[in-house]
Structure formats: structure tokens, C-alpha cells
Amino acid sequence: MPGGEYSIAGYESWLARDALSAAASPQPHPIMAFIGVQRGMGLSVAGLFELLECDIADGPMLAQSTIELDRDLETDRTYSVEGEVIDLVRKHGAVLGTFDLATCRFDLLDAQDGGRVASVTNVYAIRRDES
């Protein structure tokens, strides 16, 4: 994935905490790591699914998401975002039929020192034709 940058504005942090009914804090809520990698991966979510050979209109699903925080997130700090597909497994199920589980890992890196701040791993279920 092309990658990019992300920064959490103070007001965005406040809005996220308010929307989540989380306690007020100057530190961004951990969900901002998920939002950050989505916004900073260098392409749209539709573009991500194009890379996975799927039209977003076909309804790919987020099957699992894991957020690992190595450091506290900070407002008004620039983060670099790097992402890659780390696994792709073909499955068959009674409900979805043939589908792929695509595992993508996105790292949020401190743009100043390059250290990893967070890692978000998303597993997407993508329906495939039986042919």
C-alpha cells in the first residue's frame, strides 16, 4: 500500500471521546489509531478493496480488528502510516459460499523517530465467485 501520514487534531480527539462517551482526557482514545490508519494509508477504503480485487459495492466485511498500542497517541503529532497484506486464505462457508479472509496490518509510526506507536490488524471477508 502506498502509505501516507495522519495527525490527530485536538478537536477530533475531543469529538471522538464525546461520541464514545469516554472520559475527558487530553490523550486521544485508542480508537483513533484505527481511524488514523484508515485515513493515512494512502488510498481510500474502496481503493484498498480494489487492491484485494474486490468492488466495495459487493459488500466486503470487516471480520476482525485488533489494535495494539505501543505508545500513547498524541494530538497534533504527525504519524506515518505503512500497510501490507500479510495473509490471504480461501474459505468456504454455508452462508458466504466461497470467500477470502484477507489480513491487512497497518502500522502507525512516529514521523520524527520512526518508532511504532500502534499497529492495527484488520481481517476482511471478501466473497468470491465459485468459478
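Bear in mind the structure is a predicted one, so any value in this text is a computation, not a measurement.

Chemist: Lay out the nonpolar core in plain terms, naming residues and giving numbers.
Modeler: For soluble globular proteins, nonpolar side chains are generally found buried alongside one another. If you look at the biggest cluster of nonpolar residues, it comprises 23 residues, and the most contacted ones within it are Leu48, Leu52, Leu73, Phe106, Leu108, Tyr124 and Ile126. At the level of secondary structure, the elements contributing two or more residues to this core comprise α2 (31-40), α3 (45-51), β3 (78-93), β4 (97-110) and β5 (116-127). Ranked by the residues each element gives to this core, the list is headed by β5, at 5 residues. Other than its neighbours up to four places away in sequence, tyrosine 124 contacts Gln38, Leu48, Phe49, Leu52, Met61, Leu62, Ala63, Asp100, Leu101, Ala102, Cys104 and Phe106.

Chemist: For the environment of glutamine 38, give the residues involved together with the corresponding values.
Modeler: With respect to the helices, strands and loops of the structure, glutamine 38 is situated in helix α2. Owing to a relative accessible area of 16%, glutamine 38 belongs among the buried residues under this scheme. In this structure the C-alpha to C-alpha distance between glutamine 38 and threonine 98, which are 60 residues apart in sequence, comes to 26 Å. Apart from the residues lying within four places of it in its own chain, the contact partners of glutamine 38 are Leu43, Val45, Asn122 and Tyr124.

Chemist: Tell me about helix α1 (residues 10-19), residues and numbers included.
Modeler: Listing the buried residues of α1 in full gives Glu12, Ser13, Ala16 and Arg17. Taken end-on, α1 shows its buried residues confined to a sector of 135 degrees, consistent with a single buried face. With respect to the buried face of α1, the exposed residues turned more than 90 degrees away are Tyr11, Trp14 and Ala19. Buried-residue contacts for α1 involve β1 (4-7) and α2. A positive backbone phi angle near 55 degrees is found at serine 21, which sits one or two residues after α1.

Chemist: Talk me through the environment of alanine 22; I want residue IDs and the actual numbers.
Modeler: Within the secondary structure layout, alanine 22 lies in the loop between α1 and α2. Excluding its chain neighbours within four sequence positions, the residues that come into contact with alanine 22 are Arg17 and His29.

Chemist: So what about a nonpolar patch on the surface? Which residues, and what values?
Modeler: The grouping of Tyr11, Trp14 and Leu15 at the surface amounts to a nonpolar patch, some 390 Å² of accessible area in total. Position of tryptophan 14 among the secondary structure elements: in helix α1.

Chemist: I'd like a description of the sheet that holds β5, backed by residues and values.
Modeler: Ordered in space as β1-β3-β4-β5-β2, the 5 strands form an open sheet in which the pairing is antiparallel. The open sheet is flanked by β1 and β2 (61-69), the only strands paired with a single partner. On average, each strand axis in the sheet is tilted by 25 degrees relative to the strand beside it, whichever way the strands run.

Analysis parameters
Residues numbered from 1 in each chain as written. Predicted model: local features only at pLDDT ≥ 70, side-chain atom pairs only at ≥ 80, totals over all residues. Heavy atoms only, no water. Core = buried A, V, L, I, M, F, W, Y, C linked by side-chain atoms within 4.5 Å. Buried < 20%, exposed > 50% of the residue type's maximum accessible area, 1.4 Å probe, protein only. Helix = DSSP H or I, 4+ residues; strand = E, 2+ residues; numbered from the N terminus. Contact = heavy atoms within 4.5 Å. Arc of directions from axis to C-beta. Patch = residues over 30% accessible without salt bridge, like charges linked within 9 Å, V, L, I, M, F, W, Y side chains within 5 Å. Areas by Shrake-Rupley, 256 points an atom, 1.4 Å probe, with all protein chains shown as cover. Salt bridge = Lys/Arg side-chain N within 4 Å of Asp/Glu carboxyl O. Pairing = 2+ DSSP bridges. Axes fitted to C-alpha atoms, helices over the stretch in contact; angles between N-to-C directions.

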